[in-house]
Amino acid sequence: MNARSAKLLESLNINVPPTQMLDECSVAIQQMIAIARAVDMKCKVLILDEPTSSLDTHEVQVLFRIIRQLKSKGISVIFISHKLDEIFEICDRLTVFKDGEYVGDYDIGELNQLKLISLMVGKDTVELERNKQGYEFANAKVIAEMKDIRQGMRLNGINIEIKQGEVVGLAGLLGSGR
């Protein structure tokens, strides 16, 4: 069983000894081992629901390499995600739903991100483009401001300004205390 597992993991370029305890592995490795188990069961379709939500950029690329490898072996993958850049990178076709209702199926080459967003939110691409270009944050009213935020070694003099109508995202790498 160990020899068979080692061969399967090697075929997917997953560098983990088959005797290693699963709870000692990172979330990314656990996901890839789950995929390997599905492949070992001779699955024809693999369903991945938000598989990249807890992965860093490198781990996403490893997952995508495995997905492409499975595709080349004739295994179909249903890739469920809200990350549009990943959809456009890994998918051949996509199905759009809006408010739980089916909108349509599309070849990935038929759409760009703006058209996809317009299908998802139910607004015309021209209207979305106009809205995107019509608001200048440089002249917007500041509604919240924080200066010189400090917390031990984690935050060292951070300044944040939020303007009316603006969405501000704060991000950090996995394991960075985000």
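Residues numbered from 1 in each chain as written. Predicted model: local features only at pLDDT ≥ 70, side-chain atom pairs only at ≥ 80, totals over all residues. Heavy atoms only, no water.

### Considering the pattern of salt bridges
Then, number 1: If you walk through the whole model with that rule in mind, you get seven salt bridges.
Then, number 2: Where arginine 68 meets glutamate 89, a salt bridge forms, and the shortest distance between an N and an O atom there is 3.6 Å. Taken together, the residues arginine 68 in helix 3 (residues 57-72) and glutamate 89 in helix 4 (residues 84-90) connect sequence positions 21 residues apart.
Then, number 3: Linking aspartate 92 and lysine 71 is a salt bridge whose minimum nitrogen-to-oxygen distance equals 3.0 Å. Residue aspartate 92 is found in the loop between helix 4 and strand 3 (93-98), and its partner lysine 71 is found in helix 3; the two are separated by 21 residues along the sequence. (Salt bridge = Lys/Arg side-chain N within 4 Å of Asp/Glu carboxyl O. Helix = DSSP H or I, 4+ residues; strand = E, 2+ residues; numbered from the N terminus.)

### Examining the packing of aromatic side chains
Then, number 1: According to the stated counting rule, one finds two aromatic pairs in the structure shown.
Then, number 2: The interplanar angle of 70 degrees and the centroid separation of 5.8 Å between the aromatic rings of phenylalanine 64 and phenylalanine 79 together place this pair among those described as edge-to-face. Separated by 15 residues along the polypeptide, phenylalanine 64 in helix 3 and phenylalanine 79 in strand 2 (residues 76-80) bring together distant segments of the chain. In this pair, the class of phenylalanine 64 matches that of phenylalanine 79, namely buried. (Phe/Tyr/Trp six-rings, centres within 6.5 Å; stacked < 30°, edge-to-face > 60°. Buried < 20%, exposed > 50% of the residue type's maximum accessible area, 1.4 Å probe, protein only.)

### A few points about the confidence of the model for the protein chain
Then, number 1: Confidence in the prediction of the protein chain, expressed as mean pLDDT, is 83, and 87% of residues score 70 or more.
Then, number 2: Across the protein chain, the element-wise mean pLDDT spans from 52 in helix 6 (residues 125-133) up to 93 in strand 2. (pLDDT = per-residue confidence, 0-100.)

### A short note on unusual backbone geometry
With glycine set apart, most residues show a phi of negative sign, and most peptide bonds adopt trans.
Then, number 1: Even without being glycine, lysine 42 reaches a positive phi, approximately 60 degrees.
Then, number 2: When you line up the elements, lysine 42 lands in the loop between helix 2 (27-40) and strand 1 (45-49).
Then, number 3: For glutamate 50, which is not a glycine, the phi torsion comes out positive at approximately 50 degrees.
Then, number 4: Turning to its location among the elements, glutamate 50 is positioned in the loop between strand 1 and helix 3.

### Overview of the packing of helix 2 against helix 3
Then, number 1: Running from N to C, helix 2 and helix 3 cross one another at 10 degrees; their axes reach a closest spacing of 10 Å. The orientation of helix 2 with respect to helix 3, classified from their angle, is roughly parallel. Where helix 2 approaches helix 3, its residues Ala28, Met32, Ile35 and Val39 are matched on the opposing element by Glu59, Val62, Leu63, Ile66 and Leu70. (Axes fitted to C-alpha atoms, helices over the stretch in contact; angles between N-to-C directions. Parallel < 35°, antiparallel > 145°, perpendicular 65-115°, else oblique. Contact = heavy atoms within 4.5 Å.)

### Details of helix 3
Then, number 1: Taking 1.5 Å as the rise per residue, helix 3 with 16 residues should run 22 Å; its terminal C-alpha atoms sit 23 Å apart, in good agreement.
Then, number 2: Residues of helix 3 that are buried: Glu59, Val60, Val62, Leu63, Phe64, Ile66, Ile67, Gln69 and Leu70.
Then, number 3: In this fold, the buried residues of helix 3 make contact with helix 1 (2-11), helix 2, strand 1, strand 2 and helix 4.
Then, number 4: At the N-terminal end of helix 3, a side-chain oxygen is found 3.1 Å from the backbone nitrogen of histidine 58, two or three residues along, and the residue is aspartate 56.
Then, number 5: Two residues or fewer after helix 3 comes glycine 74, characterised by a positive phi angle close to 90 degrees. (Expected span 1.5 Å × (residues − 1). Polar contact = N/O pair within 3.5 Å; in protein donor to acceptor, adjacent residues only side chain to side chain.)

### Comments concerning the nonpolar core
Then, number 1: Grouped together as the largest cluster of nonpolar side chains are 37 residues, with contacts concentrated most on Ile14, Ile35, Ile66, Leu70 and Leu94.
Then, number 2: Not counting residues within four places of it along the chain, the set of residues in contact with leucine 70 comprises Leu12, Ile35, Val39, Leu46 and Ile75. (Core = buried A, V, L, I, M, F, W, Y, C linked by side-chain atoms within 4.5 Å.)

### Some words on the pairing of strand 6 (residues 155-163)
Then, number 1: Where strand 5 (residues 142-151) meets strand 6, seven bridges bridge the pair, whose relative direction is antiparallel. Each bridged residue has a counterpart across the sheet, and for valine 142 the counterpart in strand 6 is lysine 163.
Then, number 2: The loop that links strand 5 with its antiparallel partner strand 6 comprises three residues; one of these, glycine 152, has a positive phi angle of about 50 degrees. (Pairing = 2+ DSSP bridges.)

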